[in-house]
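Okay, here's what each chain looks like letter by letter:
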Amino acid sequence: DQVGKPVKSRFAHDFGGDSQQAERGILRAVALHSLTLGIPCLYYGTEQGFDGYVPQEGDPLWELEQELQKQQGDGPANQDQFVRECLFGGAFGPFRTQGKHCFQEASWLYQQIAALLALRQEHQALRCGPQYLRELSADGSTFWLPEPGEQPYLGIIAWSRLQDSEEFLCAINTNPTQAQHAYISIDDIRNGQERIPLHCLYSTEETQIGQEAVTQSSAIGIAVAITVPAGGVVVFH
């Protein structure tokens with residue numbers, strides 16, 4: 001609902017018109033939303049990368065917004081329609097169009113979100129299993145947890161969802177341009193004896209799916225070395 005935000009806009013608008021980065025940014029948010037504790041709920045158009053925003057003075061849409069305000073007279077403000085684009089055609093449609101629909105089930109973003117939600121539906125641990133933020137290391141010796149700072153964090157954020165003997169390791173790379181490699185701590189009891197490798201169930205880099213990640217001893221217990229694609233998401237099991 002963007003309560004307290006002075007200028008309403010969809011999440012994708014923050015990427016300044018770079019549709020590829022916007023799609024990957026949306027997917028990271030949906031992955032976090034879908035693979036952590038709670039019940040995910042997506043606002044329509046998110047799966048299509050909608051990037052509507054309320055225009056400000058000087059914006060190309062400003063005149064249209066002013067005209068709509070005049071037409072409505074003393075009624076409630078029309079601004080919300082700029083972040084409520086018509087999915088199947090209308091006066092203000094997706095990506096500043098008019099009268100066009102935008103429901104593309106074959107698009108990259110739609111397919112990736114569908115894959116993540118299918119994974120969540122298939123595995124109970126991803127819906128209601130306990131969750132643990134995981135420590136990271138560049139060398140397998142010194143481990144640390146991601147922390148907020150003055151500048152945006154550009155690196156891996158990893159967490160596990162557990163159930164019975166299973167562990168699902170989920171990781172997001174917030175660096176939009178560079179793949180990131182790290183040793184990630186995992187559960188000692190589930191991974192410390194037989195040393196069964198983890199398998200990649202999902203990745204935004206399709207060639208990574210099915211690959212193995214071998215577990216090994218580290219300074220703080222059992223860890224696994226994985227690579228997360230630039231601006232991407234992976235799930236290992």
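What this report covers is the structure whose coordinates are included nearby. Quantities reported herein were computed from a predicted structural model and do not represent experimental measurements.

1. Structural notes on the overall build of the protein
Part 1: Looking only at helices and strands, the protein has five helices and 11 strands in total.
Part 2: Summarising its shape, the C-alpha atoms of the protein cover approximately 70 × 35 × 30 Å along the three principal directions.
Part 3: Each of the 237 residues in the protein was classed as buried or not, and the buried ones make up 42%.
Part 4: Within the protein, contacts between residues at least 6 apart in sequence are counted, and of these 63% link residues at least 24 apart.
Part 5: Taken as a whole, the protein presents about 13000 Å² of accessible surface, with 51% of it coming from carbon and sulfur.

2. Some thoughts on the pairing of strand E5 (residues 166-173)
Part 1: For E5, the tally of buried residues reaches seven of eight residues, placing the bulk of the element in the interior.
Part 2: As defined by bridge partners, strand E4 (residues 156-163) adjoins E5 across eight bridges and the pair is classed as antiparallel. Across the sheet, Ser160 pairs through a bridge with Leu169, a residue of E5.
Part 3: Note: E5 against strand E11 (residues 233-236), four bridges, orientation antiparallel. Directly across from Ile172, in E11, lies its bridge partner Val233.

3. A look at the pattern of salt bridges
Part 1: Considering all chains together, one arrives at three salt bridges under this definition.
Part 2: Note that Glu85 is salt-bridged to Arg10, the shortest N-O span being 2.7 Å. Taken together, the residues span a long stretch of sequence, with Glu85 in the loop between helix H2 (62-72) and helix H3 (108-122) and Arg10 in the segment before helix H1 (19-35) at a distance of 75 residues.
Part 3: A salt bridge links Arg190 to Asp187, with the shortest nitrogen-to-oxygen separation between them at 3.3 Å.
Part 4: Judged by relative accessible area, Asp187 falls into the buried class, the value being 15%.

4. Some points on the nonpolar core
Soluble globular proteins tend to pack their nonpolar side chains together in the buried interior.
Part 1: Membership of the largest hydrophobic core comes to 20 residues, with the highest contact counts inside it found for Leu35, Tyr202 and Val235.
Part 2: At the level of elements, H1, H3, helix H4 (125-128), E5 and E11 are the ones that each hand at least two residues to this core.
Part 3: In this structure, Tyr202 is in contact with Leu27, Gln112, Ala115, Leu116, Leu119, Ile209, Val233, Val234 and Val235, ignoring residues within four places of it in sequence.
Part 4: By size, the runner-up hydrophobic cluster in this structure holds 17 residues, among which are Ala171, Ala182, Ile222 and Ile226.

5. Points about the pairing of E4
Part 1: Of all the eight residues making up E4, six are buried; the element is thus mostly covered by neighbouring parts of the structure.
Part 2: Inspection of the sheet shows strand E1 (residues 131-133) paired to E4 by three bridges, in the antiparallel sense. Counted as the bridge partner of Leu133 is Trp159 from E4.
Part 3: Hairpin connection, E4 to E5: the antiparallel pair is bridged by two residues, and Asp164 has positive phi, about 50°.

6. Thoughts on the packing of aromatic side chains
Part 1: Overall, the coordinates contain five aromatic pairs when judged by the stated rule.
Part 2: The interplanar angle of 70° and the centroid separation of 5.8 Å between the aromatic rings of Phe11 and Phe15 together place this pair among those described as edge-to-face.
Part 3: Of the residues examined, Phe15 reaches a relative accessible area of 24% and is grouped as partly exposed.
Part 4: An aromatic cluster is built from Tyr43, Tyr44 and Phe50, whose rings are joined through pairwise contacts.
Part 5: The ring centre of Tyr44 lies 5.0 Å from the NZ or CZ of Arg10, which sits over that ring.
Part 6: Lying across the ring of Trp108, Arg24 places its NZ or CZ 4.3 Å from the centre.

7. A look at the side chain of Thr215
Part 1: Residue placement: Thr215 occurs in strand E9 (residues 215-218).
Part 2: Those residues in contact with Thr215 that lie beyond four places of it in its chain are Ile186, Asn191, Arg195, Ile196, Leu198, Ile222 and Ala223.

8. Structural notes on the sheet that holds E1
Part 1: Here we have six strands laid out as an open sheet, ordered E1-E4-E5-E11-E7-E8, and antiparallel in their pairing. Only two strands of the sheet have a single partner each, and these edge strands are E1 and strand E8 (212-213).
Part 2: Packed onto the sheet, H1 meets E1, E4, E5, strand E7 (198-203) and E11 and runs at close to 155° relative to E5.
Part 3: Against the sheet, H3 touches E7 and E11, its axis set at about 135° to E7.

So, how was this worked out
Residues numbered from 1 in each chain as written. Predicted model: local features only at pLDDT ≥ 70, side-chain atom pairs only at ≥ 80, totals over all residues. Heavy atoms only, no water. Helix = DSSP H or I, 4+ residues; strand = E, 2+ residues; numbered from the N terminus. Buried < 20%, exposed > 50% of the residue type's maximum accessible area, 1.4 Å probe, protein only. Contact = heavy atoms within 4.5 Å. Areas by Shrake-Rupley, 256 points an atom, 1.4 Å probe, with all protein chains shown as cover. Pairing = 2+ DSSP bridges. Salt bridge = Lys/Arg side-chain N within 4 Å of Asp/Glu carboxyl O. Core = buried A, V, L, I, M, F, W, Y, C linked by side-chain atoms within 4.5 Å. Phe/Tyr/Trp six-rings, centres within 6.5 Å; stacked < 30°, edge-to-face > 60°. Lys NZ or Arg CZ within 6 Å of the ring centre and 35° of its normal. Axes fitted to C-alpha atoms, helices over the stretch in contact; angles between N-to-C directions.

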